[in-house]
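These are the residues of each chain, in order.
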Amino acid sequence: MAATLFWICRDFRIRDNPSLCAAANEGPVLPVFVIDRALMAQGAASRWRLARALKAFDAELRYRLGQGVLVLRGEPEEVLPALAARQAARTIHASDWPCPAMRQAQDRLSSRLDGVALHLHPGHLLIHPAALRSTTGGTYRVYSAFARSLRNIGPDRPCPAPTLLTLASDRPAGEDVQTLDLAPDLYSGEAVLERHALPAGETAAWQALGDFIDRLAGYQAGRDRIDRHATSCLSEALALGEISPRSIWAAIQQSHAHSGDAQKFLSELIWREFAWHLLISFPAMAQRPWREEWAAFPWRNRDPAFEAWRQARTGIPLVDAGLREMRVTGRMHNRARMVCASYLTKHLLIDWRQGLAHFADSLTDWDPAANAMNWQWVAGCGPDAAPFFRIFNPLTQAKRFDPEARYQRRWLLGHLGSDSDAARDYFDTLPSDWIVPQCYDAKEAAEDLASGRRAALAAYEGMRV
Ligand SMILES: Cc1cc2nc3c(=O)[nH]c(=O)nc-3n(C[C@H](O)[C@H](O)[C@H](O)COP(=O)(O)OP(=O)(O)OC[C@H]3O[C@@H](n4cnc5c(N)ncnc54)[C@H](O)[C@@H]3O)c2cc1C
């Protein structure tokens, strides 16, 4: 019997999955995941996390329906037409994950299909970008106008899970999903990452959402406190499509529609949406500054200070703490991300693209749009970005958002008498030639920050002349 292909792009879920629903409506479905060059070119931590999403989804399908995901290696335009021919499939359904590399793969696949239709479905975003245009018909460049317009129109409604889903049992042999290793190049701390990992999969994502809804009151006041567990921790699940933003939006509206905390949280989901709409209209956003005049900014490249930053030994406690959190857990609190990025691009004057690449390699919630937009936002070269001359002082930020230094003690062994296990874990991830400072000199840090700030402002003035 013929089967319809459901090509999994970044939608490891059953609920609110329009491509899976469309495939299910046509009869038996063959869910297929393709390990291609574009995937293997992504950062190691995000590949490691993707393998966990894939394993969880495969296990869920096996448990419910007796069959899992078919995993093939190769380029989509080669393996999918051959698979479609073998299964006598007339259609391939996939979600429209609008990442530039995926868009190119989908275009190449379309041009190679003969008698088989490729249907792309929404689901990764709250609303289709074509439905949200500025008054001049283009993409919004200012977040506040974008957010207002999105709230006025309202996001698309989530679609229900398929009522009848059967999986094709006649299928070729694929890779063994449960033993798959997509990140053999991950640095030596895989066991450490595993120890700190959040649970993966759709069920876990819905549990995390439920847990967050129970503690939503306090989000607005607490979300910037680096030392608190005040945010949703849903970014990995969103990045992997284990839960859709439309489902999250609907659940928050249902439970707390009018609270300030809910509205603040929804505005963060809108930042994610804004990033994607920007990336779709400017696919080079990870390589080129949005504002062209920034192409001439005198960034320092090949500077040894970058290596010190990457290795989390800058001598600035909050910066080192954030970078160590990322190395140990694959995640970093948003406020710490802003401080680390600001320190790199302003105090050290290092090109934002170097920081972006390090985050892309290290974050388990890596998202090409959010990462690029935020780096450009912090560096000052993006649309609606923070002005370059607004320079975070990491010592002041630490006083405000980590007033008892709990976060810094959690990640910096020996700092202020810290003996934390998490901080110790960092050392299990290190190559033998990395040297790590054990104590911090507040006077030296303040002096470095003051001279870095002066250099940053001078470089900025130079660009404007
Ligand atoms: C330099 C830099 C790089 C970043 N890189 C990424 C990245 O690769 N992947 C990623 O998902 N986020 C990135 N962010 C945004 C943000 O730090 C994370 O989304 C957030 O820390 C995730 O934690 P949470 O799920 O608990 O957030 P919550 O506060 O609970 O927010 C809910 C959701 O809203 C979205 N969101 C929140 N803040 C932002 C933001 N500033 N921009 C875009 N979306 C946002 C996320 O999807 C998040 O899961 C980056 C931020 C900075 C400053």
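Residues numbered from 1 in each chain as written. Predicted model: local features only at pLDDT ≥ 70, side-chain atom pairs only at ≥ 80, totals over all residues. Heavy atoms only, no water.

Comments concerning the site of the ligand
This is how the line gets drawn: When we say a residue is near a molecule or strand, we mean one of its heavy atoms is within 4 Å of it. The term polar contact refers here to a pair of N or O atoms within 3.5 Å; inside protein, the definition further demands a hydrogen-donor-capable atom paired with an acceptor-capable atom, and it admits residues adjacent in sequence only when both atoms are side-chain atoms. Where accessible areas are quoted, they stem from the Shrake-Rupley method and a 1.4 Å probe; at the residue level, only the protein chains shown are allowed to cover. We count a stretch as a helix when DSSP gives it H or I for four or more residues in a row; a strand needs E for two or more, and each element gets its number in order from the N terminus. Note that Gly is not counted as nonpolar here; it falls among the polar residues with everything else outside the nonpolar set of Ala, Val, Leu, Ile, Met, Phe, Trp, Tyr, Cys and Pro and the charged set of Asp, Glu, Lys and Arg. As used throughout, domain bounds are those supplied by an automatic or database domain assignment.
For the ligand, the set of nearby residues contains 27 residues, the closest of which are Tyr219, Thr231, Ser232, Cys233 and Asn334. In the environment of the ligand, a nitrogen atom lies 3.4 Å from a nitrogen or oxygen atom belonging to the backbone of Arg272. The contact in question runs from an oxygen atom of the ligand to an N or O atom on the side chain of Asn334, over 2.7 Å. Against a free-state accessible area of 830 Å², the protein chains account for coverage of 95% of the ligand. Contributing elements (two or more residues each) for the shell around the ligand: helix 10 (235-239), helix 12 (260-281), helix 15 (334-347) and helix 17 (368-379). For the shell around the ligand, a count of residues per class yields 16 nonpolar, six polar and five charged. Formed jointly, the shell around the ligand draws a minimum of three residues from each of two domains, domain 2 (125-157 + 200-281) and domain 3 (292-464).

Some points on the pattern of salt bridges
Where we set the bar: Salt bridges are defined by distance alone: a side-chain nitrogen of Lys or Arg within 4 Å of a carboxyl oxygen of Asp or Glu. Residue exposure (1.4 Å probe, protein chains only): buried if accessible area is under 20% of the type maximum, exposed if over 50%, otherwise partly exposed.
The final tally for this structure, using the stated rule, is 29 salt bridges. Two residues, Asp170 and Arg86, come together in a salt bridge whose shortest N-O distance is 3.6 Å. Note that Asp170 is positioned in the loop between helix 6 (143-153) and helix 7 (190-196) and Arg86 in helix 4 (residues 76-87), a separation of 84 residues in sequence. Classification of Asp170 by relative accessible area gives partly exposed; the value is 48%. Take Arg86: its relative accessible area is 44%, and that puts it in the partly exposed class. Linking Arg195 and Asp428 is a salt bridge whose minimum nitrogen-to-oxygen distance equals 3.7 Å. A residue pair is termed long-range when its members are at least 10 positions apart, and Arg195 in helix 7 and Asp428 in the loop between helix 20 (421-427) and helix 21 (442-464) qualify at 233 residues.

A few points about the sheet that holds strand 5 (residues 117-121)
To summarise the sheet geometry, strands pair through backbone hydrogen bonds and adopt either a parallel or an antiparallel arrangement. For the record, the criterion: Note on pairing: DSSP must find at least two bridges between two strands before they are called paired. Note on method: axes are straight lines fitted to C-alpha atoms, helices fitted across the in-contact stretch only, with angles between N-to-C directions ranging 0 to 180 degrees. Here, two residues are considered to be in contact whenever any of their heavy atoms come within 4.5 Å of each other.
Read from one edge of the open sheet, five strands run 3-2-1-4-5, paired in parallel fashion. Edge positions in the sheet fall to strand 3 (70-73) and strand 5, since each of these pairs with one other strand and no more. Taking each pair of neighbouring strands and ignoring which way they run, the sheet shows an average axis angle of 30°. Running over the sheet, helix 4 touches strand 1 (4-7), strand 2 (29-35), strand 3 and strand 4 (91-95) and is turned about 160° from strand 2.

Topic: the domain arrangement of the protein chain
How we decide: Two parts placed together each lose some accessible area under a 1.4 Å probe, and adding up what both lose gives the buried area.
Splitting the protein chain by domain gives domain 1 (1-123), domain 2 (125-157 + 200-281) and domain 3 (292-464). Distance between the C-alpha centres of domain 2 and domain 3: 25 Å. Taken together, the contacts link 21 residues of domain 2 with 23 residues of domain 3. For the pair domain 2 and domain 3, the summed buried area comes to about 1900 Å², and 62% of that belongs to carbon and sulfur atoms. When the buried surface of domain 2 facing domain 3 is broken down by residue, Asp224, Ile226 and Asp227 rank first, second and third, together holding 34% of it.

Some details on the packing of helix 15 against helix 18 (residues 394-401)
Heads up, the condition is: For classification purposes, an angle smaller than 35 degrees is called roughly parallel, one larger than 145 roughly antiparallel, one from 65 to 115 roughly perpendicular, and anything else oblique.
Running from N to C, helix 15 and helix 18 point in directions that differ by 170°, and their axes come no closer than 11 Å. By the angle between their axes, helix 15 is roughly antiparallel relative to helix 18. Taken together, the residues of helix 18 that come into contact with helix 15 (itself represented by Arg335, Val339, Tyr343 and His347) are Pro394, Gln397 and Phe401. Its residues assigned to classes, the contact of helix 15 with helix 18 comprises four nonpolar, two polar and one charged.

With respect to helix 21
What counts here: Expected helix span is computed as 1.5 Å times (number of residues minus one).
Taking 1.5 Å of rise per residue, the 23 residues of helix 21 would be expected to cover 33 Å, and the 33 Å separating its terminal C-alpha atoms lies within 8% of that figure. Tucked into the core, helix 21 has its buried residues touching helix 15 and helix 18. Of the residues flanking the start of helix 21, the one acting as N-cap is Asp441, its side-chain oxygen 3.0 Å from the backbone nitrogen of Lys443.

Focus on the nonpolar core
Quick reminder of the rule: Working definition of a nonpolar core: buried Ala, Val, Leu, Ile, Met, Phe, Trp, Tyr and Cys residues. They are joined through side-chain atoms within 4.5 Å.
Core analysis: the largest hydrophobic core is formed by 119 residues, its most contacted members being Trp7, Leu80, Ile252, Phe265 and Trp309. Take this core: its biggest share by element is ten residues, from helix 12. In this structure, Ala23, Ala24, Val71 and Ala239 belong to the second largest nonpolar core, which totals 26 residues.

Examining unusual backbone geometry
Look at Ala88: it is not a glycine, yet its phi comes out positive at around 55°. With respect to the secondary-structure elements, Ala88 resides in the loop between helix 4 and strand 4. We classify Ala88 as partly exposed; its relative accessible area is 47%. Here Ala312, not a glycine, exhibits a phi torsion of approximately 60°, which is positive. Residue position: Ala312 is located in the loop between helix 13 (304-310) and helix 14 (317-329).

Regarding the packing of aromatic side chains
Keep this limit in mind: Side-chain rings of Phe, Tyr and Trp (the six-membered ring for Trp) are treated as a pair once their centres are within 6.5 Å; stacked means planes under 30 degrees apart, edge-to-face means over 60, and tilted covers the remaining angles. We call a charge positioned above a ring when the Lys NZ or Arg CZ atom is no farther than 6 Å from the ring centre and deviates by at most 35 degrees from the ring normal.
This model, assessed by the stated rule, comprises 25 aromatic pairs. Ring centres of Tyr140 and Phe146 lie 6.1 Å apart, and the angle between their planes is 80°; this geometry places the pair in the edge-to-face category. Per residue, the accessibility class of Tyr140 equals that of Phe146, and both read buried. Taken together, the ring pairs connect Trp294, Phe297, Trp299, Phe388, Phe389 and Tyr460 into an aromatic cluster. Sitting over the face of the ring of Trp206, Arg15 holds its NZ or CZ atom 3.7 Å from the ring centroid. The lysine or arginine in question, Lys346, covers the ring of Phe388, its NZ or CZ lying 5.2 Å from the ring centre.

Things to note about helix 1 (residues 18-25)
A large share of helix 1 lies buried, amounting to seven of its eight residues. Looking at helix 1, one finds that the buried residues are Pro18, Ser19, Leu20, Cys21, Ala22, Ala23 and Ala24. Tucked inside the fold, the buried residues of helix 1 contact strand 1, strand 2, strand 4, strand 5 and helix 11 (245-256). Positioned one or two residues after helix 1, Gly27 has a phi angle of 125°, which is positive.

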